[in-house]
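Structural features, examined
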Amino acid sequence: MSGHLGARLAQVIPTLLLVSVLVFGLQQLMPGDPALVLAGDSADAQTVAQIRNELWLDRSLPAQYAHWLGNVLHGNLGYSWRNREEVTTLIAQKLPVTMQLGVMAFTLAVVIGVPAGVIAAVKRNTIWDTLANAIGLAGLSTPTFWLGIMMILLISVDLGWLPPSGYVPLTEDWVRSLATTIMPAIVLGSGIAAVLMRHTRSAMLGALGQDFVRTARAKGLRERVVVVRHALRNALIPVVTLGALELGTLLSGAVLTEQVFSIPGFGKMIVDAVFNRDYPVVQGVVLVTATLFVLLNLLADILYVYINPRLRAA
Amino acid sequence: MSATLALPAAREVQSPGRLALRRFLGRKLAVFGLAVIVFVVLVAAAAPLVAPYDPIATSWTAIRKAPSWAHWMGTDQNGRDVLSRVIFGARSSLLAGVVSVLIAGGIGVPAGLLAGFAGGFVDAILSRIVDAMLAVPFLILAIALAAFLGPSLRNAMIAIGVSYFPQFMRVARAATLDAMSNDYVEAARALGNPGWRVALRHIAPNILPPVLVQGTLASAVAILAEAALSFLGQGQQPPAPSWGSMLNEAQQFLTQAPWLAIFPGIAIFLCVLSFNLMGDGLRDALDPRGR
């Protein structure tokens, strides 16, 4: 078990290093000279040269990368071109908002997707299976932002049940916080619920055909016990890994969901940074997102080893 | 007296392609998906003929009119006909679907073939690069690339294509490794064929089925991504219509003109659903083991 985890940890470091090269490389795609953009149209040559020197733009690319990586490793992701605030500070302010939304969305996705997948598999080729598959496929094909707009139209505009936008922190007023985030969480979680449903159905169909399920039935166990204790427990093992991959969907979806519901989180920050051509913020968000995604996948791998008795014993 | 011996009728031998086609046609939902895609392609191609109005012509006397016989899907904040814009918007969505997938496949398939065939150091390097790219969630990478390249439909397609190529590489690499274990590859090598010929003439044609399935499913992803980028102002630029940018504009008029948000969304949903249905059908038809 420790060998497996050690190997996974050893894979994470080169991956993150390559991610840093990728994120640094993004800057090279930028049209024009960043120093000129920062200095403005009316700046003289001396000011531009000074900015170039400050940003290390007058050095070679490897030197620029080494300098940038050194700063990143010291927790310095640069400064926002728009308001001169530290990118790290901006991210630290926005990340808890997205994390709250993400946790709520993922919980909803698991609560809806896994039981729906189990029901679809147990009642295979019945109306329930067809219905779950149809809803799953619809969930995969519906644009998150459109679903958000439609929910605002129905629930906020027509019924007036929930506020259409805005955000109240959990620490300020938890009831209002839930009221402002429940709709975005449903929108964000719907696509993931669809994927989880498909994975669970497929894994359950595999597990239900196994010998140990037949043995459990032969012992005279109740069907519910056979399904939940024997089949589901085994089916969930691959679902954990596949579910972890959906964390990327969650982070991508947060960009659009936060934009639709005007939630001042991580996703909205990247959109605002893109609109304002605030490239250090875009780079910072991409780097932090990738690091988070890699670490969450590592966590899922650890969990996978923990819940899989065969790997645990090894 | 002569005895006649009745021979059993010879079974018709079918090519794998024909068998796959028969399996595909047997799946009603997949055929429905294909029919919708063909319909959307035809409508997009004939847009100037079928659209009732000019999609960018404004009319100050028809601002935010609800759906009616004159304007089946209503009009927008500039008095433009929504139906005509949805019809012309199909062009940018389909273009993005096709071009992005061609870019992703154009990079990913040769890279996957090379990684799988060469193995060793080449495989390790290419696989690590792909791992790093997959570490950045697809849409966030596409948004970042589009932001650095500048907002336009062309750049959005490049951003989507580049962000999605790792998926193609993985599929092509796995299919190459699978194909390489076959006897015909061994035979081709034994006959003295050079490596490049074995890869291009013997392996490449055999990795096409999974690549084709991936391409169809990727079209759905690309259409969604283009809509998302246009929704965020990074794709098709106004006044040219695109389903995503129409939804972006519609957000400001949700209470006064909800139809502005309803119809482009339905168009995206139907198009993406159809590609997903067709992709699922193709997967089942080309690889019945995966069912």
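**A word on the interface of chain A and chain B**
Tallying the contact residues gives 39 residues for chain A and 37 residues for chain B. Among the secondary structure elements, those contributing two or more residues to the side of chain A that touches chain B are helix H1 (2-28), helix H6 (127-141), helix H7 (144-158), helix H10 (223-260), helix H11 (266-275) and helix H12 (279-307) of chain A. Residue composition of the side of chain A that touches chain B, grouped by class: 32 nonpolar, 7 polar and no charged.

**Observations concerning the packing of helix H1 (residues 16-25) of chain B against helix H12 (residues 259-286) of chain B**
All names here are of chain B. Put simply, H1 and H12 touch, their axes get as near as 8 Å, and they point 135° apart. With respect to their mutual orientation, H1 and H12 come out oblique. Along this stretch, H1 crosses H12, giving a crossing that reads as right-handed. Between H1 and H12, the residues in contact are Ala20, Arg23 and Phe24 and Gly281, Leu282, Asp284, Ala285 and Leu286, respectively.

**Points about the nonpolar core**
One finds Ala142(B) and Ile143(B) to be the most contacted residues of the largest nonpolar core, which totals 166 residues. Ignoring any residue separated from it by four or fewer positions in sequence, one finds Ala142(B) in contact with Ala159(B), Ile160(B), Ser163(B), Ala225(B) and Leu229(B).

**Quick look at the confidence of the model for chain B**
Per-residue confidence for chain B gives a mean pLDDT of 90, with 94% of residues at or over 70. Per the prediction output, this complex has pTM 0.88; the corresponding ipTM is 0.86.

**Describing H10(A)**
Residue and element names in this part refer to chain A. With 38 residues, H10 ought to run about 56 Å at 1.5 Å a step, yet its terminal C-alpha atoms sit only 44 Å apart, falling short of that. Maximal helix bending in H10 amounts to about 45°, located at leucine 232. In the segment just after H10, serine 262 is the residue with positive phi, at about 50°.

**A closer look at the environment of Val114(A)**
Tracing the sequence through the fold places Val114(A) in helix H5 (residues 87-122). In sequence terms Val114(A) and Leu188(A) are 74 residues apart; their C-alpha atoms lie 16 Å from each other.

About the thresholds
Residues numbered from 1 in each chain as written. Chains lettered and ligands numbered in written order. Predicted model: local features only at pLDDT ≥ 70, side-chain atom pairs only at ≥ 80, totals over all residues. Contact = placed C-beta atoms within 7 Å. Helix = DSSP H or I, 4+ residues; strand = E, 2+ residues; numbered from the N terminus. Nonpolar A, V, L, I, M, F, W, Y, C, P; charged D, E, K, R; others polar. Axes fitted to C-alpha atoms, helices over the stretch in contact; angles between N-to-C directions. Parallel < 35°, antiparallel > 145°, perpendicular 65-115°, else oblique. Left-handed = near helix turned anticlockwise from the far one by under 90°. Core = buried A, V, L, I, M, F, W, Y, C linked by C-beta atoms within 7 Å. Buried ≥ 20, exposed ≤ 12 C-beta atoms within 10 Å, placed from the backbone. pLDDT = per-residue confidence, 0-100. Expected span 1.5 Å × (residues − 1). Bend = angle between axes of the 7 residues up to and from the residue.

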